[in-house]
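Structural description and commentary
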Amino acid sequence: MDFVQLFLLLVVFLLICGIIAVVIIYITSAPYPDLSRHEEEKYYVDPNKSDAKQPFPSLHDPASIDLSVIVPAYNEEDRLPVMLNEALEYLQDRQKETPNFRYEVIVVDDGSTDKTTEVALLYSQKYGTDKVRVLTFVSNRGKGGAVRLGMFSARGQLLLFADADAATTFSDIKKLETEVKRIDKQEDHLAIVCGSRAHLQNEAVAKRSLFRTFLMYGFHIVVWLFGVRGIKDTQCGFKLLTRPAAQIVFSNLHVEKWAFDVDLLHIARHLNMAIGEVAVNWQEIEGSKMVPLLSWLQMGKDLILIWLRYRIGAWKIDPKLKAQ
């Protein structure tokens, strides 16, 4: 057997393996996401009423306040207070300036093993559960799963999700709100605005090691090839959605781990939602749960699988799908 024959056999073998892998992925992929939640996750605790349990509302109910802020948190007992102090100071000042402005902050404890819930409940006790509520998961789902259920429990006309590390300056929400008003021209009011750190890339390259810079650019290439084009920073944890957009996007979101932002934006693009991107002030905060190499390899794999599953029809998008 010469080299050419061996090469052809190898190509045929790889093609057969690829076809088998695609078939397995298609068969084992649920076309629509599981939107169920544990019974305990349907309630929040009111520490000012002897820890009485109160049911969360539904995202599919009409909005009753102006803004909901969703904060996914996993083992964030140390970093969470900094973020909540900054956010609540801003929101309280805004309410003093505009008395009719109403808001809520929903901290989603994603199955933490530390005292994240206890820390968050101190804010419920201080500000009241009309302003601060805590959703505690029975077990860890992932950041995407935490944001999704936080959204499903929210009352706001606009909904922001913001990371618990306070890396993004919270007052930059005004920039996102301005952009939402600018791009929200459709009758169905389907709009999403992404906070972006793209303007900080040159500075980041200057500060990072060659290895971390290589990983960053490699991930950007994978996002461009298999993710969402036209958005410079898909992964910034500071995004604002209109209520109709949140209803549809999170009811169709398949990914519950780190790469959920790409799935979210893919769904929005597929449904021709208005998407904006604005620069925000951001700084790297110690204590990240991401391990650069492992996390980025995992996200790269997830991006390819997201692309493949939608491409072969294993995952579907239904604009009428609603959480139960």
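Notes on the structure in this doc start here. All residue numbers refer to position in the chain's written sequence, counted from 1. It should be noted that, the model being predicted, local features are given only for residues of pLDDT at least 70 and side-chain atom pairs only at 80 or more, the latter also being counted only at that level, while totals for whole chains, interfaces and linings use all residues. As a convention, hydrogens and water are excluded, and side-chain values are obtained from all of the structure's heavy atoms.

**Brief notes about the sheet that holds strand S8 (residues 238–242)**
Neighbouring strands of a sheet are bound in pairs by backbone hydrogen bonds; such pairs are parallel or else antiparallel. How we decide: By the convention used here, strands pair only if DSSP detects at least 2 bridges between them. Strands here are runs of E lasting at least two residues and helices are runs of H or I lasting at least four, both read from the DSSP assignment and numbered beginning at the N terminus. Structural elements are reduced to axes, namely lines fitted to C-alpha atoms, with helices fitted over the stretch in contact, and the angle between N-to-C directions of any two is expressed from 0 to 180 degrees.
The seven strands lie next to each other as S5-S4-S3-S6-S8-S7-S9, forming an open sheet whose pairing is mixed. Because the sheet does not close on itself, it has two edges, and the strands there are strand S5 (132–136) and strand S9 (274–279). Averaged over all neighbouring strand pairs, the angle between strand axes comes to 20°, with direction disregarded. As paired strands, strand S6 (residues 156–162) and S8 are joined by five bridges and run antiparallel to one another.

**Remarks on the nonpolar core**
The condition that has to hold: For our purposes a nonpolar core is just a set of buried Ala, Val, Leu, Ile, Met, Phe, Trp, Tyr and Cys residues, chained together by side-chain atoms within 4.5 Å. Burial classes follow relative accessibility: with a 1.4 Å probe on protein chains only, a residue under 20% of its type's maximum area counts as buried, one over 50% as exposed, and anything between as partly exposed.
Met-151, Phe-161, Ile-192, Phe-250, Leu-264 and Met-273 are the most contacted members of the largest nonpolar core, which has 47 residues in total. Broken down by secondary-structure element, the contributors of at least two residues to this core are strand S4 (103–109), helix H4 (143–152), S6, strand S7 (191–196), helix H7 (210–226), helix H8 (243–252), helix H9 (260–270) and helix H10 (292–311). Among the elements that line this core, the one with the most residues is H9, at six residues. Core analysis: the second largest hydrophobic core is formed by 39 residues, Ala-73, Leu-160, Leu-176 and Ile-183 among them.

**Notes on the packing of H4 against H8**
Our working rule: These descriptions rest on fixed angle ranges, namely under 35 degrees for roughly parallel, over 145 for roughly antiparallel, 65 to 115 for roughly perpendicular, and the rest for oblique. Note: crossing handedness is left-handed where the near helix turns anticlockwise from the far helix by less than a right angle, and right-handed where it turns clockwise. Contacts are assigned to residue pairs that have any heavy atoms within 4.5 Å of one another. As a working rule, the residues Ala, Val, Leu, Ile, Met, Phe, Trp, Tyr, Cys and Pro are called nonpolar, Asp, Glu, Lys and Arg charged, and the rest polar, with Gly in that last group.
Contact geometry of H4 with H8 gives a least axis separation of 10 Å together with a crossing angle of 140°. Taken together, the axes of H4 and H8 are oblique relative to one another. Handedness of the crossing formed by H4 with H8: left-handed. Contacts between H4 and H8 involve Val-147, Arg-148, Met-151 and Phe-152 from the first element and Ala-246, Phe-250 and Ser-251 from the second. Looking at the contact of H4 with H8 residue by residue, the class counts come to five nonpolar, one polar and one charged.

**A closer look at a nonpolar patch on the surface**
Rules: Like charges within 9 Å and nonpolar side chains (Val, Leu, Ile, Met, Phe, Trp, Tyr) within 5 Å are joined into patches, using only residues over 30% in relative accessible area that form no salt bridge. With residues, only the protein chains shown are counted as cover, and all accessible areas are computed by Shrake-Rupley using a 1.4 Å probe. We count a salt bridge whenever a side-chain nitrogen from Lys or Arg sits within 4 Å of a carboxyl oxygen from Asp or Glu.
Residues Phe-3, Val-4, Phe-7, Leu-8, Val-11 and Leu-15 make up a contiguous nonpolar surface patch of about 620 Å² in total accessible area. Within the element layout of this structure, Val-4 appears in helix H1 (residues 3–28). Judged by relative accessible area, which is 53%, Val-4 ranks as exposed.

**Details of the layout of surface pockets**
By rolling a water-sized probe across the atoms, one finds the places where empty space is left. Basically, it comes down to this: Cavities and pockets were defined on a 1 Å grid built over protein atoms only: a cavity is a set of grid points that admits a 1.4 Å probe from which the probe cannot escape, a pocket is an open set flanked by protein on both sides within 12 Å along at least five of seven lines, and lining residues are those with an atom within 4 Å of any such point. Grid points are joined across faces, edges and corners, and a volume is the space filled by probe spheres set on the points.
What the second largest pocket holds in volume is close to 200 Å³. Lining the second largest pocket, in full, are Glu-40, Tyr-43, Tyr-44, Val-45, Lys-53, Thr-117, Leu-121, Val-134, Thr-136, Phe-137 and Val-138. Of all the secondary structure elements, the ones that give two or more residues to the lining of the second largest pocket are strand S1 (43–46), helix H3 (116–127) and S5. Among the elements that make up the lining of the second largest pocket, the one with the highest residue count is S1 (three residues). Partitioning the lining of the second largest pocket into residue classes produces seven nonpolar, two polar and two charged.

**Focus on the packing of aromatic side chains**
Stated formally: Pairing of aromatic rings covers Phe, Tyr and Trp, the last through its six-membered ring, and needs centres within 6.5 Å; plane angles under 30 degrees mean stacked, over 60 mean edge-to-face, and all others mean tilted. When the NZ atom of lysine or the CZ atom of arginine is within 6 Å of a ring's centre and also within 35 degrees of its normal, the charge is said to sit over that ring.
In this structure the tally under the stated criterion is six aromatic pairs. With centroids separated by 5.1 Å and ring planes inclined at 55°, the aromatic side chains of Tyr-44 and Phe-56 adopt a geometry described as tilted. With Tyr-44 in strand S1 and Phe-56 in the loop between strand S2 (52–55) and strand S3 (65–73), this pair connects stretches of sequence that are twelve residues apart. The pair formed by Tyr-44 and Phe-56 is uniform in burial state, with each residue classed as buried. Between the aromatic rings of Tyr-310 and Trp-315, the centroid separation amounts to 5.5 Å while the plane-to-plane angle is 75°, which identifies the pairing as edge-to-face. One exposure class covers both Tyr-310 and Trp-315, and it is buried. Above the ring of Phe-101, the side-chain terminus of Arg-94 is found at 4.3 Å from the ring centroid. Of note, Arg-141 hangs over the ring of Phe-137, and the distance from its end group to the ring centre comes to 5.1 Å.

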